[in-house]
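The lines below spell out each chain.
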Amino acid sequence: MSIKKALVIIPTYNELENIEKTIIEVFKNLKSVKNWNCGILVVDDTSPDKTYELVKKLQKKFSKLELLINKKKAGLGGAYLKGMEYAFGKLKADLVFQFDADLSHDPTKIPLFFEKIDQGADLVLGSRYISGGSIPADWGLHRKFLSVVGNLVVRTVLTNFSVSDWTTGYRAVTKKVYQAVHKELAGDQFSGYTFQIGLLNKTVRKGFSIAEIPFHFKDRTFGKSKIGPEYIKNTLEYIMKVRLQDLLKSRILKFVIVGGIGALTQLTTLQGWRTIFPYQLAFFLAIEGAVLMNFILSNLWTFSDRKLKPTQYPAKFLQFNLASGGSILIQQAIAFLGETFVGLFALFTLPIINLNIDTGMMYAVGGILIGMFWNFFAYNKFIWKKKK
Ligand SMILES: Nc1nc2c(ncn2[C@@H]2O[C@H](COP(=O)(O)OP(=O)(O)O)[C@@H](O)[C@H]2O)c(=O)[nH]1
Ligand SMILES: [Mg+2]
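Note that the structure is a prediction, hence the values are computed from the model and not measured.

## Some details on the environment of Lys5
Structurally, Lys5 can be placed in strand β1 (residues 4-12). By relative accessible area, Lys5 is classed as partly exposed at 24%. Here the alpha-carbon distance between Lys5 and Val96, two residues 91 residues apart in the chain, equals 8.7 Å. Excluding residues that lie within four positions of it along the chain, Lys5 makes contacts with Trp36, Asn37, Leu91, Lys92, Ala93, Asp94 and Leu95. Within the local environment of Lys5, its side chain forms a polar contact with the backbone oxygen of Leu91, the two atoms lying 3.0 Å apart.

## Things to note about the site of ligand 1
Close to ligand 1 lie 19 residues; Glu15, Asp45, Arg220, Ser225 and Lys226 are nearest. Between ligand 1 and Val43 there is a distance of 3.1 Å, counted from a nitrogen atom to a backbone nitrogen or oxygen. One of the side-chain N or O atoms of Arg143 is found 3.2 Å from an oxygen atom in ligand 1. Computed on the free molecule, ligand 1 has an accessible area of 570 Å², of which 96% lies beneath the protein chains in the complex. Of the residues belonging to the shell around ligand 1, the class tally is 8 nonpolar, 3 polar and 8 charged.

## Quick notes on helix α7 (residues 194-205)
Taking 1.5 Å as the rise per residue, α7 with 12 residues should run 16 Å; its terminal C-alpha atoms sit 17 Å apart, in good agreement. Burial within α7 is extensive, with 11 of its 12 residues counted as buried. For α7, the complete set of buried residues consists of Thr194, Phe195, Gln196, Ile197, Gly198, Leu199, Leu200, Asn201, Lys202, Thr203 and Val204. Looking one or two places after α7, you find Gly207, whose phi comes out positive at around 80°.

## Re the nonpolar core
Counting 39 residues, the largest nonpolar core has Ile23, Leu30, Ile40, Val42, Leu65, Phe97 and Phe114 as its most contacted members. When contributions to this core are tallied by element, the ones reaching two or more residues are β1, α1 (19-30), β2 (36-44), α2 (51-59), β3 (65-69), β4 (95-98), α4 (110-118) and β7 (210-214). Of all the elements, α1 adds the most residues to this core, at 5 residues. With near-sequence residues (within four places) excluded, Phe97 lies in contact with Leu7, Val8, Ile9, Ile110, Phe113, Phe114, Tyr170, Arg171 and Ala172. Membership of the second largest hydrophobic core comes to 38 residues, among which are Met84, Leu123, Val173 and Leu199.

## Notes on helix α3 (residues 75-88)
If you check α3, its first and last C-alpha atoms are 20 Å apart, about what 14 residues at 1.5 Å a residue would give, namely 20 Å. For α3, the buried fraction is high: 11 of the 14 residues fall into the buried class. Those residues of α3 not exposed but buried are Gly75, Leu76, Gly77, Gly78, Ala79, Tyr80, Leu81, Gly83, Met84, Ala87 and Phe88.

## Observations concerning the sheet that holds β1
The mixed open sheet is built from 7 strands, whose spatial order is β3-β2-β1-β4-β6-β5-β7. A single partner strand is all that each edge strand has here, and the edge strands are β3 and β7. On average, each strand axis in the sheet is inclined to that of its neighbour by 20°, with strand direction left out of account. Pairing geometry for strand β5 (residues 123-127) and β7, over 5 bridges, is parallel. Note that in β7 the partner of Gly126 across the bridge is Ile213.

## Let's talk about the domain arrangement of the chain
Under the domain assignment, the chain is made up of domain 1 (4-247) and domain 2 (251-383). Spacing between the C-alpha centres of domain 1 and domain 2 amounts to 51 Å.

## Regarding the packing of aromatic side chains
Scanning the model with the defined rule gives 27 aromatic pairs in all. When the centroid spacing of 5.7 Å and the interplanar angle of 70° are considered together, the rings of Phe255 and Tyr379 count as edge-to-face. Of the two residues, Phe255 is situated in helix α9 (residues 251-276) and Tyr379 in helix α12 (residues 359-383); the sequence distance between them amounts to 124 residues. For the residue pair Phe255 and Tyr379, the accessibility class agrees, reading buried in each case. Ring plane angle 75° and centroid distance 5.8 Å describe the contact between Tyr379 and Trp384, whose orientation is recorded as edge-to-face.

## A word on unusual backbone geometry
Its identity is not glycine, yet Asn14 carries a phi of approximately 55°, on the positive side. For Asn14, the position within the fold is in the loop between β1 and α1. In the Ramachandran plot, Asn35 falls in the positive-phi region, its phi being about 65° despite a non-glycine side chain. As for its placement among the helices and strands, Asn35 is situated in the loop between α1 and β2.

## Quick word on the side chain of Asp165
The topology assignment puts Asp165 in the loop between α5 (141-157) and β6 (171-174). Using a relative accessible area of 0% as the deciding quantity, one classes Asp165 as buried. A distance of 2.7 Å separates the side chain of Asp165 from the side chain of Arg128, its partner in a polar contact. Discounting chain neighbours no more than four positions away, the residues touching Asp165 are Leu125, Gly126, Ser127, Arg128, Tyr129, Asn151, Leu200 and Glu212.

Analysis parameters
- Residues numbered from 1 in each chain as written.
- Chains lettered and ligands numbered in written order.
- Predicted model: local features only at pLDDT ≥ 70, side-chain atom pairs only at ≥ 80, totals over all residues.
- Heavy atoms only, no water.
- Helix = DSSP H or I, 4+ residues; strand = E, 2+ residues; numbered from the N terminus.
- Buried < 20%, exposed > 50% of the residue type's maximum accessible area, 1.4 Å probe, protein only.
- Contact = heavy atoms within 4.5 Å.
- Polar contact = N/O pair within 3.5 Å; in protein donor to acceptor, adjacent residues only side chain to side chain.
- Near = heavy atom within 4 Å.
- Areas by Shrake-Rupley, 256 points an atom, 1.4 Å probe, with all protein chains shown as cover.
- Nonpolar A, V, L, I, M, F, W, Y, C, P; charged D, E, K, R; others polar.
- Expected span 1.5 Å × (residues − 1).
- Core = buried A, V, L, I, M, F, W, Y, C linked by side-chain atoms within 4.5 Å.
- Pairing = 2+ DSSP bridges.
- Axes fitted to C-alpha atoms, helices over the stretch in contact; angles between N-to-C directions.
- Domains from an automatic or database assignment.
- Phe/Tyr/Trp six-rings, centres within 6.5 Å; stacked < 30°, edge-to-face > 60°.

So, in structure tokens, the structure goes:
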């Protein structure tokens, strides 16, 4: 087996005071890594302080130091995308690291990242929020709050608690992961720090295996952090967008939309039937039309992944009618129970909290919700059963 290649990518923007020490420290720690051919790739956006000039000088001393210069400031994400494209493409790397120039990321942990990769991880995170990791004690309250609460918000909104540090910038990324996600990360949305959450989210969702290594994040000694206030807004925008897209793809939403179309069908056709038939029959036909419409759309769309065979249609349509009848019964029962019991109850409580709610409306909404719940349950469990 040929020896694999790894590059530690260090994006820089005005890191003149930091870059030399960082390069020395990283190379020192790469020395102990066996079975890997390792180098460093600095991606500089033509820093006004001429960080790149110093890197060029250092290239004479370090043969495995590469430099990529962007003419314009491309943001953290932009720099990483360009760096990764260059590393995995032209430089034929199998693995890259994301590493800050300010030595906030403890370089002595680098060999542990390689261990996880050798054990089969597709992406390794340097984590501040697992035992053995930390954020600086002397960070101001607002930065601590931002980091801790920010991570919690991301985890909650993305409903993923398998990863503990979503915003960490210390990572090892395999070529496999890069190839699977980089196209979706091109574009403005990910040009800044949102790149980190974006890359991780896509990696998680594609089912890659992720490992975490704890480390103590150290504050930079020289220079200023480039993270700006737009970071919070961009992050919130991104995670909300992801959630919304999930919702639009979810079965529940399709179910609600199909239910709405059914109700609309019922209302509109009722008028037509009534001009021809007596009320009772017109009512029945309108409901049956809605049920049929609902059945067809559910089969084609809501449960398209569990489509029924034509031979199943008669029996399943009968079941579907029974389920719908069940939900009407439930609604009637709730209205009845509501009137008899809760009606009295509401008489006592509502005046106290001084709310002016139409109780009839409450039963209707409650009844419809519980009816829908029943329908969804019945569709899932009986009609479009999951295939084993
Ligand atoms: N090439 C490039 N590097 C950047 C840019 N913005 C930030 N960096 C680098 O990304 C790393 C992390 O930035 P830093 O300001 O330390 O962020 P913080 O650690 O989150 O406060 C540092 O090495 C920066 O020099 C950019 O627009 N272009
Ligand atoms: Mg930093």
